[in-house]
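Remarks on the overall topology
These are the residues of each chain, in order.
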Amino acid sequence: MPREAHFCPECGVSLDVNLEYTGAITSVIPLSATATSGSIAAVGAQKQPGIRSGSAMLVVHRGPGEGTEYPLDATKDIVTIGRAPEADLFFDDVTVSRRHAEIRRGAQGWSIRDVGSLNGTYVNRKRVDDRRLAGGDELQIGRFRFVFLVGSDS
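Residues numbered from 1 in each chain as written. Predicted model: local features only at pLDDT ≥ 70, side-chain atom pairs only at ≥ 80, totals over all residues. Heavy atoms only, no water.

Considerations on the packing of aromatic side chains
Spelled out, the test is: Aromatic contacts are taken between Phe, Tyr and Trp rings whose centres are within 6.5 Å, Trp giving its six-membered ring; a plane angle under 30 degrees counts as stacked, one over 60 as edge-to-face, and the others as tilted. Helix and strand assignments follow DSSP, with helices taken as H or I runs no shorter than four residues and strands as E runs no shorter than two, numbered in order from the N terminus.
In the structure shown here, the tally under the stated rule is six aromatic pairs. Here Tyr70 and Phe91 contribute two aromatic rings whose centre-to-centre distance is 5.3 Å and whose plane-to-plane angle is 70°, an arrangement assigned as edge-to-face. Note that Tyr70 is positioned in strand 2 (residues 69-72) and Phe91 in the loop between strand 4 (89-90) and strand 5 (101-106), a separation of 21 residues in sequence. Ring-pair connections join several aromatic residues into one group, and the members of that group are Tyr70, Phe91, Phe144 and Phe146.

Regarding the sheet that holds strand 4
Applied cut-off: At least two DSSP bridges between two strands are required for those strands to pair.
With mixed pairing, the five strands of this open sheet are ordered in space as 4-3-5-6-9. The open sheet has two edge strands, strand 4 and strand 9 (130-132), and neither has a second partner. Alignment of strand 6 (residues 109-114) against strand 9, held across three bridges, turns out to be antiparallel. Paired with Ile112 across the two strands is Arg131, which belongs to strand 9.

Keep in mind that these numbers describe shape and distance, not what the molecule does.
Rendered as structure tokens:
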């Protein structure tokens, strides 16, 4: 974890040294390609019939607004994410930078690019600057964890 990080990339908890220890134990269950059938990871790994072909969706699976769906329109090539009110996907949370990341649609599919955020952008728990996305990928932006789903022709 980078020394300058202010929040844990695993759970979003503040790394402020003045926090009081509560004794609580949090377990982290990573998403993987070998997830059992019916889990978000297993469902996300294939194309989703409920999403139009060429479109995609982010679904919050951990963090504020769990279960919220954010459709990514196939007609828009760049979707901005941040705490700035003009962001396409606006998250009013201090763990999200004003201009945090961009999701891009191109000829090769979808990708995410960090645009200089303080806490970083993570795909499958690895900090990334620019990364191509596949169905079932887990994205973390601040305290928000999303599953990336892609559309199919069905």
